[in-house]
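# A closer look at the structure
Here is how the chains run, residue by residue.
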Amino acid sequence: MSTAPHRIGPLSIGAVAELTGVPAPTLRAWERRYGVPHPDRSASGHRIYDDRDVALVRRMRRLTDGGIAPRVAAERLRRAPPAPDQAPQPPVSDPYDTVVERIVAAIDRFDPDALESELRRGLVLGSTLAVYERVMVPVMRALGERWRHDDPVSIAQEHLTTEVMRDVAQDLHRLARPSDPVGLAIVACVADEQHVLPLYAIAFRLAQRRIKAVVLGARTPPSVIAVAVERMQPDLVALSSTVRPADPDALLAAYGQSCGATPWIIGGTGVPQPAERVAVHGGRCIGPGLSLDVFVDRLTLTGR
Ligand code: B12
């Protein structure tokens, strides 16, 4: 068997996105703004990436996942490019993908111990947010693909996995909580909403901004938000709605009232579009042009 380092490429932008987990628009933006990487072009003008480009993208991703701004990360990579022959060759399979595959295999075997140990092994791969987005979310989506209301096996697998995921997400949340917060957020599911994992995605993102998140959990009606807002005086309220509510406009109006002057934002697949339907009640909704980070950038935090 040959011991030569494995070479990959030429690859399309879609293949690189798949391989590295960095979406194609981000790859284009990194190239346009920072020239990292700068792939060759085919005769027809399409980008062709080789293994060194892929290695650069992976390093860029590791740095940005660790909280370094893309501009600074690109500068660092430009200043210290790996010597081509000494550069460590990237593993062909992405370590995050490998962990996801192992977790899904453990779920298939109904092996909760392996599920938890594989998941906890995945925790060392990157930042809390990276592990969440590249391990936990893909596992839950894979579960969603096989889940059927008339298939008790898939339902049992889903219950088993959700319990472990929530447990680990809560541990991560405790660890990621900022020790010197600059703000406070209330994070909750809207009334009747049971999908709680997105709450931790929000909490982790806020923790990166040194905002402490108080997670109120599933099924949090407007009346409960009103009390929490009054007692805790948060800087923001973040709501999640995965399943479309029965009467979204009435619900949004009620949350608008509960939040009063406190800025609030809502996201998830159940949020009614367009964004104006939320804005009319004083809230904002996640969508094109508005990420949680952009929303937070516009807030005046009280400092806590
Ligand atoms: C686990 C699960 C359940 C569990 C939830 C357990 C729990 N405690 O969380 C249980 C069994 C309770 C459940 C119930 C139901 N579920 Co379910 N469930 C799932 C599953 C498999 C995983 C959900 C998950 O955790 N995903 C991972 C999260 C993190 O990803 P995400 O939802 O995409 O969220 C991301 C963004 O949207 C964003 N986000 C979300 N909200 C917000 C808010 C803000 C402010 C911000 C910034 C970002 C943000 O953050 C996340 C990270 O990127 C999904 C499959 C899937 N594809 O997700 C189905 C899924 C969500 N369920 C679905 C359905 C239909 C149901 C039921 C109606 C089924 C039924 N007939 O009973 C009920 C509804 C219950 C209810 N009223 O809420 C559908 C939803 C379709 C839709 N959008 O309408 C899905 C997609 C399955 C499918 N393919 O059909 N479910």
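Treat the numbers as computed from the prediction; the structure is a model and nothing was measured.

A separate point is the overall build of the chain. Secondary structure assignment for the chain yields 13 helices and seven strands. For 304 residues, the compact-globule formula gives about 19 Å, and the C-alpha radius of gyration of the chain, at 21 Å, lands near that figure. Summarising its shape, the C-alpha atoms of the chain cover approximately 65 × 45 × 40 Å along the three principal directions. Counting the 304 residues in the chain, one finds 31% classified as buried. Within the chain, residue pairs in contact and separated by at least 24 positions form 71% of the contacts whose partners lie at least 6 positions apart.

What follows covers the nonpolar core. Core analysis: the biggest nonpolar cluster contains 54 residues, and Val187 and Ala203 have the highest contact counts within it. A per-element tally of this core places helix H9 (residues 197-208) first, with seven residues. Structurally, this core is a two-domain feature, drawing no fewer than three residues from each of domain 2 (95-175) and domain 3 (179-297). Those residues in contact with Val187 that sit more than four places away from it in its chain are Leu199, Ile202, Ala203, Ala213, Val214, Val215, Leu216 and Ala238. If you look at the next biggest cluster of nonpolar residues, it comprises 12 residues, including Trp30, Val36, Val57 and Ala73.

Take the environment of Ala142 next. Take Ala142: it is sitting in helix H7 (residues 128-146). Ala142 gets classed as partly exposed once you count the C-beta atoms within 10 Å, which come to 16. For Ala142 and Leu292, which are 150 residues apart along the polypeptide, the C-alpha to C-alpha distance reads 25 Å.

Another aspect to go through is the domain arrangement of the chain. You can read the domains of the chain as domain 1 (13-79), domain 2 (95-175) and domain 3 (179-297). The centre of domain 1, based on its C-alpha atoms, is set 28 Å off from the matching centre of domain 2. With five residues of domain 1 at the contact, the number on the domain 2 side is five residues. The residue inventory of the side of domain 1 that touches domain 2, partitioned by class, reads no nonpolar, three polar and two charged.

Within the secondary structure, Gln233 is located in the loop between helix H10 (222-232) and strand E5 (236-240). As for Gln233 and Ala185, which are separated by 48 residues in sequence, their C-alpha atoms are 8.9 Å apart.

Our focus in this paragraph is the packing of H7 against H9. How two helices sit against one another is set out by the angle between their axes and by the gap between those axes. Two numbers describe how H7 lies on H9: the axes approach to 10 Å, and their chain directions differ by 165°. Considered as vectors, H7 and H9 are oriented roughly antiparallel to each other. Considering only the axes of H7 and H9, their crossing is left-handed. Packed against H7, whose contacting residues are Thr128, Leu129, Tyr132 and Met140, the element H9 presents Leu197, Tyr200, Ala201, Phe204, Arg205 and Gln208 at the interface. The residue inventory of the contact of H7 with H9, partitioned by class, reads seven nonpolar, two polar and one charged.

What counts as what
- Residues numbered from 1 in each chain as written.
- Predicted model: local features only at pLDDT ≥ 70, side-chain atom pairs only at ≥ 80, totals over all residues.
- Helix = DSSP H or I, 4+ residues; strand = E, 2+ residues; numbered from the N terminus.
- Rg over C-alpha atoms; globule rule 2.2 N^0.38 Å.
- Buried ≥ 20, exposed ≤ 12 C-beta atoms within 10 Å, placed from the backbone.
- Contact = placed C-beta atoms within 7 Å.
- Core = buried A, V, L, I, M, F, W, Y, C linked by C-beta atoms within 7 Å.
- Domains from an automatic or database assignment.
- Nonpolar A, V, L, I, M, F, W, Y, C, P; charged D, E, K, R; others polar.
- Axes fitted to C-alpha atoms, helices over the stretch in contact; angles between N-to-C directions.
- Parallel < 35°, antiparallel > 145°, perpendicular 65-115°, else oblique.
- Left-handed = near helix turned anticlockwise from the far one by under 90°.

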